[in-house]
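Geometric and topological summary
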Amino acid sequence: MAFSRISKLDPPSRGIFRKAAVMLCSLLTSLFLLHCLADRCSTSPVRASSGRAAGLFEDSRSLRTKRLAYEWTAGSEPTGYGAARRSSRVLADERARQVSEPPEESFILPPPDLVASRKVSPRFAGKLSPLGEGSKKLPQALIIGVKKGGTRALLEFLRVHPDIRAVGAEPHFFDRNYDNGLEWYRELMPKTLEGQITMEKTPSYFVTREAPARIAAMSRDTKLIVVVRDPVTRAISDYTQTLSKKPDIPSFESLTFKNRTSGLIDTSWSAIQIGIYAKHLDNWLQYFPMEQILFVSGERLISDPAGELGRVQDFLGLKRIITDKHFYFNQTKGFPCLKKAEGSSKPHCLGKTKGRTHPNIDPEVVQRLRDFYRPFNMKFYQMTERFFGWDD
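A brief structural summary.

Rules used throughout
- Throughout this description, residue numbers start from 1 for each chain and increase along the sequence as written.
- At least 70 in pLDDT is required for a residue's local features to be given in this predicted model, at least 80 for side-chain atom pairs to be given and counted, and no such filter applies to totals for whole chains, interfaces and linings, which use all residues.
- Excluding hydrogens and water, the side-chain figures rest on all heavy atoms present in the structure.
- Secondary structure follows DSSP: runs of H or I at least 4 residues long count as helices, runs of E at least 2 residues long count as strands, and numbering of each begins at the N terminus.
- By definition in these notes, contact holds between two residues if any of their heavy atoms fall within 4.5 Å.
- To be clear on the numbers: accessible area is Shrake-Rupley with a 1.4 Å probe, and residue cover counts the displayed protein chains and nothing else.
- Take the buried Ala, Val, Leu, Ile, Met, Phe, Trp, Tyr and Cys residues and link them wherever side-chain atoms come within 4.5 Å; each set so joined is a nonpolar core.
- Under the scheme applied here, a residue whose accessible area is under 20% of the maximum for its type counts as buried, over 50% as exposed, and between as partly exposed, the area being computed with a 1.4 Å probe on protein chains only.
- Only strands that DSSP links by at least two bridges are regarded as paired with each other.
- To get an axis, a line is fitted to the C-alpha atoms, and for a helix only the part in contact is used. The angle between two axes follows their N-to-C directions and goes from 0 to 180 degrees.
- Any pair of Phe, Tyr and Trp rings, taking the six-membered ring for Trp, is counted once the centres come within 6.5 Å. Such a pair is stacked with planes under 30 degrees apart, edge-to-face with planes over 60 apart, and tilted for the rest.
- Should the NZ of a Lys or the CZ of an Arg lie within 6 Å of a ring centre and within 35 degrees of the ring normal, that charge is described as sitting over the ring.
- In this analysis, the expected span of each helix is defined as 1.5 Å times one less than the number of residues it contains.
- In this analysis the local bend is the angle between axes fitted, respectively, to the seven residues ending at and the seven residues starting at the residue.
- Any Lys or Arg side-chain nitrogen found within 4 Å of a carboxyl oxygen on Asp or Glu counts as a salt bridge.
- Each patch is assembled from residues with relative accessible area greater than 30% and no salt bridge, linking like charges that lie within 9 Å and nonpolar side chains (Val, Leu, Ile, Met, Phe, Trp, Tyr) that lie within 5 Å.
- Any N or O atom pair separated by 3.5 Å or less is treated as a polar contact, with the protein-specific requirement of one donor-capable and one acceptor-capable atom, and with residues adjacent in sequence counted only for side-chain atom pairs.
- By the definition adopted for this analysis, an angle is roughly parallel if under 35 degrees, roughly antiparallel if over 145, roughly perpendicular if from 65 to 115, and oblique otherwise.
- Amino acids outside the nonpolar list (Ala, Val, Leu, Ile, Met, Phe, Trp, Tyr, Cys, Pro) and the charged list (Asp, Glu, Lys, Arg) are all regarded as polar, and Gly is one of them.

**Regarding the overall build of the protein**
Check the secondary structure of the protein and you find 15 helices and 13 strands. Restricting to contacts in the protein with at least 6 residues of sequence separation, those with at least 24 account for 72%. Per element, the accessible surface of the protein, about 22400 Å² overall, is 56% carbon and sulfur.

Quick look at the structure:
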């Protein structure tokens, strides 16, 4: 009776066998991964039917050992930038090279494409930090002005410093895009490590009435840098830039005056209005103390770039790394250029839009502008306790 009862039981379903097979595969996969993590994979005996297969395995094992040495050395480095992530295309190309080419003895150095792409500072070539390190932060320092004063040159020079990370384009957050919110602004910033400073520059902030209050609302500890230049020369440079885009605009002379016969200067024209530095500074001092604002001379940025960069580095609390050795004077352009730009081993000068030839302006108009700006300049010298020499 018992036997007949057993014989009538249903046979095991296929689902049970399928689940058992999946569990067995998962177990084997886990054991294999643990085996590799224990670093026993690289020391397993090679069973290949041909000498070439064994040779390829030995090459890949040697390459893996060097990669581990490189990553371990980079990970233990206490200073420098976080290592950059490579794109999937670059990784695919590298894997292809590992099979087709023997590993180089210099593999412990970072690939040159990482340095050239600005993702690794040349100062820390061969000293990468672990991949994915760093986070996006709101800027601790801003270059807030002024237009045509030399802000682009200053930013490019500062980006050579390994402890400064800056946005290349002008975000215009505190004047045009404020409604997008601080998180939108933060996402524009580059990743930084502990001790590095996040920066951006938008020259129109200095003349935007709402900008000081908005920046103070973000952080009252924000350090502000203003690059100023002879307001007459700055106005002519501003006009020259507009003329290159709109060749049909009226002459500089006609735009300068409300009425040329009376000699009344048109302060509503932005090219003139920007140069009244004392007026704009009054607005900023309602929210920030003077010691939090650094004024850089646009003229000295050309004649003595290392000296002005030294002042900026001191102001930011950074070691003076950018010195005379980083610059050479380009006679054709008429201003200094970097011997080696950030992330590159080649000399770098600002683009064609910088250093344009100014049009000839009626000397009488230039003199009237100098007379107009003189009292504002004197007040600005007193406020900043620095003489810029624009009225000599």
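So, next bit.
**Brief notes about the nonpolar core**
Judged by nonpolar contacts, the single largest core of 31 residues is most densely connected at I144, F174, I215, W284 and F380. For this core, the secondary structure elements donating two or more residues are strand 4 (141-145), helix 8 (211-218), strand 8 (223-228), helix 12 (277-284), strand 11 (293-297) and helix 15 (363-384). Every residue in contact with I215, bar those within four places of it in the chain, is listed here: L142, I144, F174, T222, L224, W284 and F288. In this structure, L155, V160, L294 and A306 belong to the second largest nonpolar core, which totals 26 residues.

**Brief notes about the sheet that holds strand 11**
The strand order 5-7-4-8-11 describes an open sheet built from five strands, whose pairing is parallel. Because the sheet does not close on itself, it has two edges, and the strands there are strand 5 (164-166) and strand 11. On average, each strand axis in the sheet is tilted by 25° relative to the strand beside it, whichever way the strands run. Note that strand 4 and strand 7 (residues 197-201) share three bridges and pair parallel. Within strand 7, the residue paired with A141 across the bridge is M199.

**A closer look at the packing of aromatic side chains**
In this structure the tally under the stated criterion is 24 aromatic pairs. Through pairs of rings, three or more aromatic residues link up here, namely Y277, F295, F380, Y381, F387, F388 and W390. Over the ring of F315 we find K223, and its NZ or CZ is 5.4 Å from the ring centre.

**Focus: helix 15**
Between the first and last C-alpha of helix 15 there are 29 Å, a value that for 22 residues agrees with the 32 Å anticipated at 1.5 Å per step. At R374, helix 15 shows its maximal kink, close to 40°; a proline, P375, follows between one and four residues later. Of the positions making up helix 15, those classed as buried are V365, V366, L369, F372, Y373, N377, F380, Y381, M383 and T384.

**Quick word on the pattern of salt bridges**
Using the criterion set out here, one finds 18 salt bridges in the structure. When the shortest N-O distance is used, the salt bridge between R370 and D230 registers 2.9 Å. Residue R370 is found in helix 15, and its partner D230 is found in the loop between strand 8 and helix 9 (231-245); the two are separated by 140 residues along the sequence. Of the residues examined, R370 reaches a relative accessible area of 24% and is grouped as partly exposed. With relative accessibility at 8%, the residue D230 sits in the buried group.

**A closer look at the pairing of strand 4**
Taken across its five residues, strand 4 has five buried, putting it largely inside the fold. Taken together, the four bridges between strand 4 and strand 8 define a ladder with parallel strand orientation. From the neighbouring strand, I143 faces strand 8, where its bridge partner is I225.

**Quick word on a nonpolar patch on the surface**
A cluster of nonpolar side chains, L24, L27, L28, L31 and L34, forms an exposed patch at the surface whose accessible area comes to about 510 Å². By the secondary structure assignment, L27 is in helix 2 (residues 14-37).

**So, the side chain of R386**
Here R386 is to be found in the segment after helix 15. A polar contact of 2.9 Å, which involves the side chain of R386, links it to the backbone oxygen of F295. Excluding anything up to four places from it in sequence, R386 contacts F295, V296, S297, R300, E308, R311 and Y381.

**Describing unusual backbone geometry**
With an omega of -5°, the peptide bond running from G145 to V146 counts as cis. Within the secondary structure, V146 is located in the loop between strand 4 and helix 6 (151-158). Here the phi dihedral of K148 falls at roughly 60°; this positive angle occurs in a residue that is not glycine. Inspection of the secondary structure assignment puts K148 in the loop between strand 4 and helix 6. One non-glycine residue, E385, lies in positive phi territory at about 55°. Structurally, E385 is set in the segment after helix 15.

**Describing the environment of F252**
Its location among the elements puts F252 in helix 10 (residues 252-256). It is 9.3 Å that separates the C-alpha atoms of F252 and A235, two residues lying 17 residues apart in sequence. What F252 contacts, discounting residues up to four positions off in sequence, is A235, I236, Y239, W269, I361, V365 and L369.

**As for the packing of helix 9 against helix 15**
It is the contact of helix 9 with helix 15, at a shortest axis distance of 9 Å, that shows an interaxial angle of 125°. Classified by the angle between their axes, helix 9 and helix 15 sit oblique to one another. Contacts from P231, V232 and T233 of helix 9 reach helix 15 at V366, L369, R370, Y373 and N377. Taken together, the residues that form the contact of helix 9 with helix 15 break down as five nonpolar, two polar and one charged.

**Regarding the side chain of H172**
In this fold, H172 is placed in the loop between strand 5 and helix 7 (182-188). Among the polar contacts listed, one links the side chain of H172 to the side chain of D175, at a separation of 3.0 Å. Other than its neighbours up to four places away in sequence, H172 contacts N177, T202, S204 and Y205.

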